[in-house]
Amino acid sequence: MTRFEAERIAGLVQSDIRLMSRRCMELGGVNLGQGICDQPTPDVVKAAAKAAIDGDQSIYSKFEGIDELRRRIAGKMASYNGLPCDPDSEVLVAAGSTGAFVAAVLSFIEPGDEVILFSPFYGYHYNVLRMARPEIKSVTLRGSDWSFDPAELRAAFSSRTKAVIVNTPANPCGKVFTREELQQIGALCTEFDALAITDEIYEYILYDGREHVSMATLPGMRERTITISGFSKTYNMTGWRLGYAVAPAEFTARMGVVADLVYICPPTPLQHGVVAAFDLGPDYYEQMSADYARKRIQTMEACDAVGLTSLAPQGSYYLMVDVRGAGFETDVQAADVLMQQCGVAVIPGHSFYLDPADGRTQLRLCFAKQDHDLDRACDGIRKLASVTT
Ligand SMILES: Cc1ncc(COP(=O)(O)O)c(C=O)c1O
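Everything quoted here is computed from the prediction, not taken from an experiment.

A. Molecular detail of the pairing of strand S8 (residues 243-246). Side chains of S8 alternate between two faces, with Gly 243 and Ala 245 and Tyr 244 and Val 246 buried alike. Relative to S8, strand S2 (residues 91-94) runs antiparallel, the two sharing 4 bridges. Paired with Val 93 across the strands is Tyr 244, a residue of S8. In the sheet, strand S7 (residues 225-230) pairs with S8 via 4 bridges, with the strands oriented antiparallel. Residue pairing in the sheet places Gly 230 in a bridge with Gly 243 of S8.

What follows is the structure in structure tokens.
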């Protein structure tokens, strides 16, 4: 740590994911590492944003976002999530779901608090939390359905627990928390008077008929849940930086103050653009699910064919595999061979765990790729058979 560095960023570095992406670019490989979906943004959304730019919708919006967008978000929360809310006081449009998560963490978490995070976790959740410097307690998801041990979860709660973070459907393991699991978590939040901060950004990407359940709809949870989602994944617009939080008015008011101080408002013309996304019909979502379901199977088949044992994701567009069946002892060895000899970038599993040993034999692959890139990646993965034998 240098003389100038703030304690809150001590030890924070760019993730393995960025490093793998850089190496992949140097080697001209296919990047299944970074969770970037490279499908096009829907035309209606692009047209509406262009019209907003041409119409000079260029000034700061309200920090909580433009009225029309908050109204449409509230409509979607009622119809899709079963969570009616007041668009004027309970919706905060943010700079990506990340902006909403940062605002929640800075508003409610501080040194001395404990926060519970499920491993494997999304790196931003862990690292953003670290900036607020609570004690982070991990509960590990295990087995083919990534379930948690209820006793381990209960033991993680204490009178100092300020929040539990729930990501469903989850990055990196693709877990979709069931209603029963969410009820167990919710009951502990109520018993220990803790918040639930949920990240539901993959809420439309579900497989095998699974149901997305929003924690805030469960008994007793509405008043203690901050529901976070966004547009990046559903409408292929990660670079637009638009997401939102839905929470009781006293929470969104606090988070709004923080968001305002950090970046004033989300990009105004793009907010006008994304309003058009709410007019997309059910066929848009059905097509997206069908496309990802097909890519999921294609990627799992390529992995299983070479002994990278896949753990079928229940949602999201990531796949975790175990490397031992392909003759590797560690995630890093397998990721190196896949990169150097097969031209495919993947992420070593240890980076998703508080105790890296838990992920030492796992890899994460992102299959949100255009068909020709995914075909090339799957061909590359299949080459592993000749490399390892
Ligand atoms: C679980 C999860 N949450 C949030 C994000 C980022 O979302 P946004 O672009 O809305 O900030 C990602 C991106 O990979 C993610 O996987």
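From this point, the discussion proceeds with the structure in view.
B. View of the nonpolar core. Counting 97 residues, the largest nonpolar core has Ile 185, Leu 308 and Tyr 317 as the members making the most contacts within it. Among the elements that take part in this core, helix H10 (residues 282-305) stands out by supplying 7 residues, more than any other. In this structure, this core is formed jointly by two domains, domain 1 (7-41 + 282-388) and domain 2 (44-279), each of which donates at least three residues. Aside from chain neighbours lying at most four places away, what touches Ile 185 is Phe 118, Phe 148, Leu 153, Phe 157, Val 164, Val 166, Phe 177 and Met 215. With 28 residues, the next largest nonpolar core counts Ala 94, Ala 104, Val 105 and Ile 165 among its residues.

C. The packing of aromatic side chains, seen in detail. Applying the stated rule across the entire model yields 18 aromatic pairs. Cluster of aromatic residues (ring-pair linked, three or more members): Tyr 80, Tyr 204, Phe 231, Tyr 235, Tyr 244, Phe 278, Tyr 284 and Tyr 285. The aromatic ring of Phe 177 is capped on one face by Lys 175, whose charged end is 5.0 Å from the ring centroid.

D. The arrangement of a nonpolar patch on the surface in detail. Taken together, the side chains of Leu 106, Val 257, Leu 261 and Val 262 present a nonpolar region at the surface, about 390 Å² in accessible area. Considering every element that reaches the nonpolar patch, the biggest residue donor is helix H8 (residues 249-263), with 3 residues. In this fold, Leu 261 is placed in helix H8. Residue Leu 261 is classed as exposed on the basis of its relative accessible area, which comes to 71%.

Reading guide: rules and limits
Residues numbered from 1 in each chain as written. Predicted model: local features only at pLDDT ≥ 70, side-chain atom pairs only at ≥ 80, totals over all residues. Heavy atoms only, no water. Buried < 20%, exposed > 50% of the residue type's maximum accessible area, 1.4 Å probe, protein only. Helix = DSSP H or I, 4+ residues; strand = E, 2+ residues; numbered from the N terminus. Pairing = 2+ DSSP bridges. Core = buried A, V, L, I, M, F, W, Y, C linked by side-chain atoms within 4.5 Å. Domains from an automatic or database assignment. Contact = heavy atoms within 4.5 Å. Phe/Tyr/Trp six-rings, centres within 6.5 Å; stacked < 30°, edge-to-face > 60°. Lys NZ or Arg CZ within 6 Å of the ring centre and 35° of its normal. Patch = residues over 30% accessible without salt bridge, like charges linked within 9 Å, V, L, I, M, F, W, Y side chains within 5 Å. Areas by Shrake-Rupley, 256 points an atom, 1.4 Å probe, with all protein chains shown as cover. Salt bridge = Lys/Arg side-chain N within 4 Å of Asp/Glu carboxyl O.

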